Amino acid sequence: MEYLDFELPIKELEEQLEKCVIIGAESDVDVSQTCKQIEKKLAQTKKDIYKNLTAWQRVQLSRHPNRPYTLDYINAICGNTFLELHGDRNVKDDKAMIGGLGKIGDQSYMFIGQQKGYNTKTRQYRNFGMANPEGYRKALRLMKSAEKFNVPVITIIDTPGAYPGLEAEERGQGEAIARNILEMTRLKVPIIVLIIGEGASGGALGIGVGNKVLMLENAWYSVISPENCSSILWRSWEQKEIAAEALKLTAKDSLKLKVIDEIIKEPLGGAHANRAQTFETVKEAIVASFEELKNLSPEELVDNRMNKYSEMGVFKG
């Protein structure tokens with residue numbers, strides 16, 4: 001288990017508890033009372049830490065190395081029904097953007113999302129979850145297929161941004177993202193967007209236009225990362241914590257600003273602390289969202305989406 005800086009008090013107590021259990025097992029000393037006290041203190045410490053997380057601490061949690069990624073959610077929710085589809089029929093198959101058909105119960109869905117890696121090798125293979133233009137074109141191809149066969153679309157966002165390399169720009173990164181935003185506004189099937197980790201910039205928005213936008217409690221969603229914001233405004237990363245607060249990037253802020261529709265609660269300690277519970281909660285949220293949308297006509301779905309995004313940023317004095 002890896003711990004973040006602010007989680008170190010939890011680490012110390014868990015180590016104390018482990019030693020206490022070992023002493024009890026290896027000797028005749030009764031340590032049950034001491035173990036209970038440590039457990040009680042551990043539970044209270046966890047509550048105190050996770051109840052008062054700052055925006056920057058939530059950003060750190062969203063990047064936790066043990067946090068589940070897109071394929072973890074898809075495989076847990078769909079089981080062995082998921083069939084991955086590849087390629088944009090133009091350049092190549094982008095490994096940072098995955099997609100395919102899967103079932104929840106008897107209902108088929110088209111899943112599309114950014115995938116990060118678990119170690120150095122897979123992070124390079126997945127390009128750190130930063131999609132190239134062909135990734136967004138693959139996503140659009142799958143959305144259009146879903147529309148053709150009347151299959152609802154679920155997009156899963158977890159990216160530090162679209163790939164900013166020269167070759168990506170040469171192949172039309174900006175156009176690919178803009179095209180996706182345009183096409184998603186008028187897609188004639190329900191679109192459910194799920195933000196599970198990092199939701200940065202146009203890279204997130206390229207698959208982020210939906211009828212229902214759900215966001216995990218410790219995810220973040222913003223036009224720029226706190227580090228990059230800090231480097232632009234203060235010429236260094238030192239002010240990233242101030243930038244995180246100012247950007248209003250947390251789930252609570254996004255809900256208040258009506259950028260998202262619903263916050264999905266995470267287990268105490270974050271999504272990685274209890275993966276099974278997180279997967280079940282996400283599955284229930286997806287099913288509930290689809291139940292709300294499934295009886296709407298294609299025209300109503302498009303109107304719902306257009307109205308939702310048109311009203312964002314409207315200020316009434």
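Calculation rules
Residues numbered from 1 in each chain as written. Predicted model: local features only at pLDDT ≥ 70, side-chain atom pairs only at ≥ 80, totals over all residues. Heavy atoms only, no water. Axes fitted to C-alpha atoms, helices over the stretch in contact; angles between N-to-C directions. Helix = DSSP H or I, 4+ residues; strand = E, 2+ residues; numbered from the N terminus. Parallel < 35°, antiparallel > 145°, perpendicular 65-115°, else oblique. Left-handed = near helix turned anticlockwise from the far one by under 90°. Contact = heavy atoms within 4.5 Å. Phe/Tyr/Trp six-rings, centres within 6.5 Å; stacked < 30°, edge-to-face > 60°. Buried < 20%, exposed > 50% of the residue type's maximum accessible area, 1.4 Å probe, protein only.

Chemist: Sorry, what's going on with the packing of helix H6 (residues 133-148) against helix H8 (residues 173-185) here?
Modeler: Packed helices, taken two at a time, are described by the angle their axes make and the gap between the axes. It is the contact of H6 with H8, at a shortest axis distance of 8 Å, that shows an interaxial angle of 20 degrees. On the basis of the axis angle, H6 is roughly parallel to H8. Along this stretch, H6 crosses H8, giving a crossing that reads as left-handed. Contacts between H6 and H8 pair Pro133, Tyr136, Arg137, Ala139, Leu140, Met143 and Lys144 from the former with Gln173, Glu175, Ala176, Ile177, Arg179, Asn180, Glu183 and Met184 from the latter.

Chemist: What's the story with the packing of aromatic side chains in this structure? I'm lost.
Modeler: All chains considered together, the criterion is met by 4 aromatic pairs. Here the aromatic rings of Tyr73 and Phe279 are separated by 5.1 Å at their centres, their planes lie at 80 degrees, and the arrangement is edge-to-face. Here Phe279 lies in helix H13 (residues 275-293) and Tyr73 lies in helix H4 (residues 70-78), a separation of 206 residues in the sequence. Accessibility assignment for this pair places Tyr73 and Phe279 in one class, buried. Where Tyr109 meets Phe290, the ring centres are 5.5 Å apart and the plane angle is 75 degrees; that geometry is what we call edge-to-face. Linking Tyr109 in strand S3 (residues 107-114) with Phe290 in helix H13, this pair joins segments that are 181 residues apart in sequence. Look at Tyr109 and you get buried, because its relative accessible area is 2%. Through a chain of ring-to-ring contacts, three or more aromatic side chains come together here, namely Tyr109, Phe111 and Phe290.

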